[in-house]
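The residues making up each chain are set out below.
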Amino acid sequence: MNVKRFIKPLLIIAACALVVVAASYTFPTDEATDYQGVSVKQQYDVHSMDRLLASDLKQTTSLFIQQINQQLESWADSSSMSTASFQNELNEHPHITGFARMKDDQVLESAGFQGNPDVRKFDNSTGDHKYSDPYERNGSQYMLLGKTLEDGSMIIGEVDLTFVQSFIKDIASVADAGGNFFASSENTDVEWKTMDDVPAGQHVETVSELGWKIVVHSEDQKPMKAAEHFHESRAIVKLKSANDAKKFFEANDQLTIIETNEPFYLVEKKDTSSEQLLNQLEGSPYVIYAEPDYRFAKQDAIPNDEFFEPYQWNLKQLDLEKAWNDTDGSGVTIAIIDTGIDPNHVELKNKSEKGYNAIDDTEDATDQHGHGTHVSGIAAAVTDNQDGIAGVSWNSKILPIKVLDENGEGSSYAVAKGLYWAVDNGADVVNMSLGDYHDSKVLYDAIRYAYEKDVVIVTASGNDNVGDAMYPAAYPEVLTVAALDESKDRAFYSNYGDHVDIAAPGTSIPSLFLDDQYVVMSGTSMASPHVAGLCALIRSVNPSLSNDEVYDIVRDTATDLGAPGVDQYYGYGEINANAAIKQAKQ
């Protein structure tokens, strides 16, 4: 039996809560911000986002249930069921607390259970699969799952659901089949006991396999304030020459140098507003420019991977199955500038290069958030390995660059520094599913550096349904990606404008998550790596192509959507992988 194929679906539901956490950063709240003349207000109904988040949670939970059923059947057909094999599973996976096989109320094999499993708890069933409602023991929530075997016996597993409390954070509550809420963050303002307490207008999604009700209440999220769009009391300074540094700092002896990366300096002056600090620095004869250190935030032949056929509509929609007959992305390195990656994920560990942490200037690019891991999986997860998902560019290497922290937040200085490092360490393609509404000179310097080094740069357009310019998406040197849903319609949250080059699937995209998990997420963050993966396939099949030539191929071969010709919502249209590879081979 393939142990990993059995366990991964169990862990999918554990990641559901974290899907919402990631989405809460990927989709900014309905809050206007205004700084240095930039004012942006999200232009969508907040309940539309509630519906999307709830739908992603529902799909992830359904994915878990369907896959766990398949794997219970796989184990049921196996001759290796024993107390020892059960115990081996428990040792590897702490969310599973017990396995047993029973017949006529007698335990045949068991591990982890204190006493016999209480089969009277099986209140719900689908075919020969049974489920209990969540129940409490010693202050923790648990759930039983069972599968009836041909000989009349039943294989039973118990799952610890305490992780549900952590994954829903402050934006969702979950009720069992009886309508009783068993998971809701202790920090949220709602105090619902049953579904009868839910006010009218709240969107509810039902997980049909379990009867669970998922309610997202985004009004409880705390919006980012305008002042949090940059690091207070800090500035990035670009000096005219290295020789000017001594004179500059002598004249500004109250500055603290946080980091040096000539000709750039990240400086700080305590108890001074950013506006005051910038006014002081911009008057210096040694300075080319000074700007705030802006906060950046994150914005997914036929393979035999287990989730490809039933769930990865996004890859089929792009005609990738034909493109894969010509190239698999070998020989190309994709830099993912994001929250890092999970280096031990089964679908990344054998294809990841040694990365870089631009936050603390180390080699540790370990993802503590999950966004970067999800993005990496869309671009280039290990494919055709009978396991998990398929990536767009099967055999491309991943170069992980960590510029965003465990909250999915970072600074323009760290992003720029990470981009320089990626270019200098072999990146052929760069994906940047992140952004901010401020035009950062230090970031643009890095973008220009990458572009002039012939690196393909792919960025997400943003998730506020506005036409305001987000950076780096608005820079002319990058390929900017808008998001589509399964109907090839523009995703309601996707930013638009003349800077949008292309569109790709971004809504309800399955991919990787921390600790060998798989989850569903939505956003232009998920659309962008589809295009980065395609650019890697193009460079693999024809390494002589320049970055501009790659851009032209992606645009020229796109399937036109929306108004005829190029438009501000779809750009040139949806990427067409097969057409792009055919043109690249010519």
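Our structure's up above, just so we're on the same page.
Below: a short report on this structure. Everything quoted here is computed from the prediction, not taken from an experiment.

Within the protein chain one finds 15 helices and 29 strands. Within the protein chain, buried positions represent 61% of all 586 residues. Surface summary for the protein chain: the accessible area is close to 22100 Å², and the carbon and sulfur share equals 42%.

All told, the structure shown has 17 salt bridges when counted by the stated rule. Lys-354 is the salt-bridge partner of Glu-363, the closest N and O atoms lying 3.6 Å from each other. Note that Glu-452 and Arg-448 form a salt bridge whose closest N and O atoms lie 2.7 Å from each other. Of this pair, Glu-452 and Arg-448 both sit in helix 12 (residues 441-452), four residues apart, which is roughly one turn of the helix. Residue classification places Glu-452 among the exposed positions, given a relative accessible area of 54%. Assessed through its relative accessible area of 29%, Arg-448 is described here as partly exposed.

Another point: the nonpolar core. With 118 residues, the main nonpolar core has Met-432, Val-531, Ile-538 and Val-554 as its most contacted residues. At nine residues, helix 13 (residues 524-541) tops the list of elements feeding residues into this core. By size, the runner-up hydrophobic cluster in this structure holds 14 residues, among which are Ala-235, Val-237, Leu-255 and Leu-278.

It is worth spelling out the packing of aromatic side chains at this point. Counting across every chain of the model gives 13 aromatic pairs. When the centroid spacing of 5.0 Å and the interplanar angle of 55° are considered together, the rings of Tyr-420 and Tyr-449 count as tilted. One end of the pair, Tyr-420, is in helix 11 (residues 412-424); the other, Tyr-449, is in helix 12, and 29 residues separate them in sequence. In textbook terms, an aromatic cluster arises when at least three aromatic residues are bridged by ring pairs, as seen for Phe-248, Phe-249 and Tyr-265. Cation over ring: Lys-121 sits above Tyr-135, and NZ or CZ is 4.4 Å from the ring centre. Taking the ring centre of Tyr-289 as reference, the NZ or CZ of Lys-441 above it sits at 5.8 Å.

All right, on to the side chain of Glu-109 then. Within the element layout of this structure, Glu-109 appears in strand 4 (residues 106-111). Overall, Glu-109 belongs to the buried group, its relative accessible area being 16%. If near-sequence neighbours (up to four positions away) are discounted, Glu-109 is found in contact with Met-81, Ser-82, Thr-83, Phe-86, Phe-99, Ala-100 and Arg-101.

Attention shifts here to the packing of helix 13 against helix 14 (residues 547-556). Where helix 13 contacts helix 14, the two axes come as close as 10 Å, and the packing angle between them is 115°. Crossing of helix 13 over helix 14 shows right-handed handedness. Together, Val-531, Leu-534, Cys-535, Ile-538 and Arg-539 of helix 13 and Asn-547, Val-550, Ile-553 and Val-554 of helix 14 make up the contact between the two elements.

Here the focus is the pairing of strand 23 (residues 429-432). A regular strand carries its side chains on alternate faces of the sheet. Side chains Val-429 and Asn-431 of strand 23 all project onto a buried face; the interleaved residues Val-430 and Met-432 project onto the opposite face, where all are buried too. Summarising the sheet, strand 19 (residues 333-338) and strand 23 pair through three bridges and their orientation is parallel. Paired with Ile-336 across the strands is Asn-431, a residue of strand 23. Pairing of strand 23 with strand 25 (residues 456-460) involves four bridges; the strand directions are parallel. Its bridge partner lying in strand 25, Val-429 is registered against Val-456.

The next thing to look at is the environment of Lys-103. Mapped onto the elements of the fold, Lys-103 is located in strand 3 (residues 96-103). Exposure remark for Lys-103: the relative accessible area of 32% places this residue in the partly exposed category. In this structure, the C-alpha to C-alpha distance between Lys-103 and Thr-148, residues 45 residues apart in sequence, is 9.6 Å.

So, on to the packing of helix 10 (residues 371-380) against helix 13. In contact at an axis separation of 8 Å, helix 10 and helix 13 are set at 40° when each is read in the N-to-C sense. By the angle between their directions, the pair helix 10 and helix 13 is classed as oblique. Between helix 10 and helix 13 lies a crossing of right-handed hand. Between helix 10, through His-371, His-374, Val-375, Ile-378 and Ala-379, and helix 13, the contact on the second element is made entirely by Ser-525, Met-526, Pro-529, His-530 and Gly-533. Grouping the constituent residues of the contact of helix 10 with helix 13 by class yields five nonpolar, five polar and no charged.

Turning our attention to the sheet that holds strand 26 (residues 479-484). Strand order in the open sheet formed by seven strands is 20-21-19-23-25-26-27, with parallel pairing between adjacent strands. For this open sheet the edge positions go to strand 20 (356-357) and strand 27 (502-505), each flanked by a neighbour on one side alone. Judged from the four bridges that link them, strand 26 and strand 27 form a sheet pairing that is parallel. Its bridge partner lying in strand 27, Ala-483 is registered against Ala-504. Sheet contacts for helix 10: strand 19, strand 21 (397-402) and strand 23; angle to strand 19, the most-contacted strand, approximately 155°. The strands touched by helix 11 within the sheet are strand 19, strand 20, strand 21 and strand 23, with strand 21 carrying the most contacts at an inclination of about 150°.

Parameters and conventions
- Along each chain, numbering runs from 1 in the same order as the chain's sequence is written.
- Local features in a predicted model are, by the rule used here, given only for residues with pLDDT of at least 70; side-chain atom pairs are given and counted only at 80 or more, and totals for whole chains, interfaces and linings are based on all residues.
- Only heavy atoms go into the side-chain values, all of them from the structure, while hydrogens and water stay out.
- Secondary structure follows DSSP: runs of H or I at least 4 residues long count as helices, runs of E at least 2 residues long count as strands, and numbering of each begins at the N terminus.
- For every residue, the accessible area (1.4 Å probe, protein chains only) is compared with the maximum for its type, and the residue is labelled buried under 20%, exposed over 50%, or partly exposed between those bounds.
- All accessibility values rest on the Shrake-Rupley procedure with a 1.4 Å probe; residue burial counts only the protein chains present in the view.
- Whenever a carboxyl oxygen of Asp or Glu lies within 4 Å of a side-chain nitrogen of Lys or Arg, that contact is scored as a salt bridge.
- Nonpolar cores were defined as sets of buried Ala, Val, Leu, Ile, Met, Phe, Trp, Tyr and Cys residues, with membership established by side-chain atoms within 4.5 Å.
- Paired rings are identified among Phe, Tyr and Trp, the last through its six-membered ring, by centres lying within 6.5 Å, and are further divided according to the angle between planes into stacked (under 30 degrees), edge-to-face (over 60) and tilted (the rest).
- Note on geometry: a ring has a charge over it if NZ (lysine) or CZ (arginine) is within 6 Å of the ring centre and within 35 degrees of the ring normal.
- Contacts are residue-level and defined by heavy atoms, with any inter-residue pair within 4.5 Å sufficient.
- Every axis corresponds to a line fitted to the C-alpha atoms, with the helix fit spanning only the stretch in contact, and the corresponding angles, defined between N-to-C directions, vary from 0 to 180 degrees.
- Crossing handedness follows the turn of the near helix against the far one: under a right angle anticlockwise gives a left-handed crossing, and clockwise gives a right-handed one.
- By definition, two strands form a pair when at least two bridges between them are found by DSSP.
- What sets the label is the angle itself: under 35 degrees gives roughly parallel, over 145 gives roughly antiparallel, 65 to 115 gives roughly perpendicular, and the rest give oblique.
- Each residue receives one of three labels: charged for Asp, Glu, Lys and Arg, nonpolar for Ala, Val, Leu, Ile, Met, Phe, Trp, Tyr, Cys and Pro, and polar for the others, Gly being one of them.

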